[in-house]
Amino acid sequence: MENKIKLLFMLASSILFFNVKAQNPIVQTIFTADPAPMVYNDTLFLYTTHDEHTTSNFFTMHNWQLFSTTDMVNWTAYGAVASLKNFEWSEQTNGAWAPHAIERNGKFYLYCPIHGDGIGVLVADRPYGPFTDPLGGRLVETERVWDDIDPAVFIDDDGQAYLYWGNPNLFYAKLNEDMISIDRTIGNNGIVAVDMTPEAFGAREKPDDRYTTNYEEAPWLYKRGDIYYMIYAAKGIPEYIAYSTGPSATGPWKYRGIIMGRHPGLAFTNHPGVVDYNGNYYLFYHSQELPGGGGFNRSVCVEQFEFNPDGSFPTIIPAREGITKSTANLDPYRRVEAETIAWSEGITIDYSEETGVFVTSINDGNYIKVRSVDFAQGAQKFQAALASESEGGFIEIRTGGVDGKLLGTLEVENTGSMQNWVVHTSKVEVEGGIHDLYFVFKGEGDNLFNFDWWVFGK
Ligand code: FUB
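Now for a quick tour of the structure. (Residues numbered from 1 in each chain as written. Predicted model: local features only at pLDDT ≥ 70, side-chain atom pairs only at ≥ 80, totals over all residues. Heavy atoms only, no water.)

As for the pairing of strand S7 (residues 118–124)
Where we set the bar: Accessible area is worked out with a 1.4 Å probe on protein chains only. A residue is then buried under 20% of its type maximum, exposed over 50%, and partly exposed in between. Helix numbering and strand numbering both begin at the N terminus, where a helix is a DSSP run of H or I of at least 4 residues and a strand a DSSP run of E of at least 2. Whether two strands pair depends on DSSP finding at least two bridges between them.
Counting buried positions along S7 gives seven out of seven residues, so the element sits mostly inside the fold. Judged from the seven bridges that link them, strand S6 (residues 107–114) and S7 form a sheet pairing that is antiparallel. When the bridges of S7 are listed, Ile114 appears paired with Gly118. A loop of three residues connects S6 with S7, the two strands running antiparallel in sequence, and Gly116 in this loop sits at a positive phi of about 95°.

Structure below.
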């Protein structure tokens, strides 16, 4: 019996240790998929799809979510920045599939496939929206709307923008400078069907009428030096990530092989997004590794990589550790949104008009980890905006782990409702230096309180 207890204890501590070390998936509060990273100024914005938690055997996807980071380890959630409702012309109630975002001339364009209804485009003045539909109809008008998925936009050095998309074939169009119309002078009324040859995309092991090459879906066009990289989901179901290279944005493409193979924890789909940010290269993809995860309950992950000296991609292995080192430190003396998270357990996020995104579904033992917090001057005061309609509870403020050094405990009171936000204050004793911070939630009953923001001070 004693041995059994020891074993359970070891198992529990190894799971805890595993999660304390984990950075992937990078969002734990909801299911996300189909990453579309976009670097704008000093921030990496990450648009994703949103797998509504489902037990069905197909995708349930209604909106597109946005997250951002400036340090590659703490991610701030902005909630659903667009949804199927933005496209009033579409009657689809499901199918908010893999988007792509890009900035041009101070406007932000979000290319959205509506599964079964083709590709639309939204525009906003800020990355967070509000997004509006400038066309009131499809951007890409074809007879194969079910195949018109996974848009990827790329602006070449000469200013020409390209829109790639498609499953099982790859298509492209040249976008006009306005980014919401197509240059009709090329291809078939502006649409070019890429030659799906084994030389370009590799020969499929088991070809059929629709799929003859390794190319499946999820194209992502990226340029480094003189090399254009077409990166995509490949080899059928379950999907690999593979790539081809070419001397221009339109090829001709040469198949170069697999970037990410099959590994435990990956979903039956995969979906690449490649960016360089602050001098580092990152591959975004998705897995099914959150509790309750699966092929229709996916989660976005990221790995840092280096190109090989000859410009080829390395093989990239998905790892729970993800990004091990932050590229910047977080300032705790400025208001930080509670939904800025390196890792969390148990909680989720919600949105209200008045408050924006906040952390909710907080129960005893749940926690939020925020990494690389720079307490240069130390701190004596902690403040947080909280709302509770129950007995409230406590936030233990710790460093180094959920059982790490206790800096202080904030008592959360009943504020009358889960939307009646009250700023709570407690004393803390924080030494100067850079720490990983943990907010460990304690209390009795369900839904102890909602948590909107926090700040440290003297
Ligand atoms: O998320 C729905 C679809 O699954 C995407 O459009 C594909 O790329 C695959 O990830």
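Resuming the write-up.
Notes on the sheet that holds strand S2 (residues 43–51)
Strand order in the open sheet formed by five strands is S1-S2-S3-S4-S20, with antiparallel pairing between adjacent strands. Two strands bound the open sheet, and with one partner strand each, they are strand S1 (31–40) and strand S20 (340–341).

A short note on the pairing of strand S23 (residues 356–360)
Side-chain positions along a regular strand alternate between the two faces of the sheet. Here S23 lies mainly inside the structure; five of its five residues are buried. Where strand S22 (residues 348–352) folds back onto S23 in an antiparallel hairpin, the turn is made up of three residues.

Some points on the nonpolar core
Note the threshold: Side-chain atoms within 4.5 Å are what join buried Ala, Val, Leu, Ile, Met, Phe, Trp, Tyr and Cys residues into a set we call a nonpolar core. Residues count as neighbours in contact if any of their non-hydrogen atoms are within 4.5 Å of one another.
If you look at the biggest cluster of nonpolar residues, it comprises 42 residues, and the most contacted ones within it are Tyr47, Ile231 and Phe313. The element best represented in this core is S6, accounting for four residues. The residues touching Phe313, leaving out its near neighbours within four places in the chain, are Tyr229, Ile231, Tyr243, Ile259, Val274, Phe305, Phe307 and Asn308. Ile397, Leu437, Leu448 and Phe456 belong to the second largest nonpolar core, which has 30 residues in total.

Bear in mind that shape data such as this cannot, by itself, settle questions of function.
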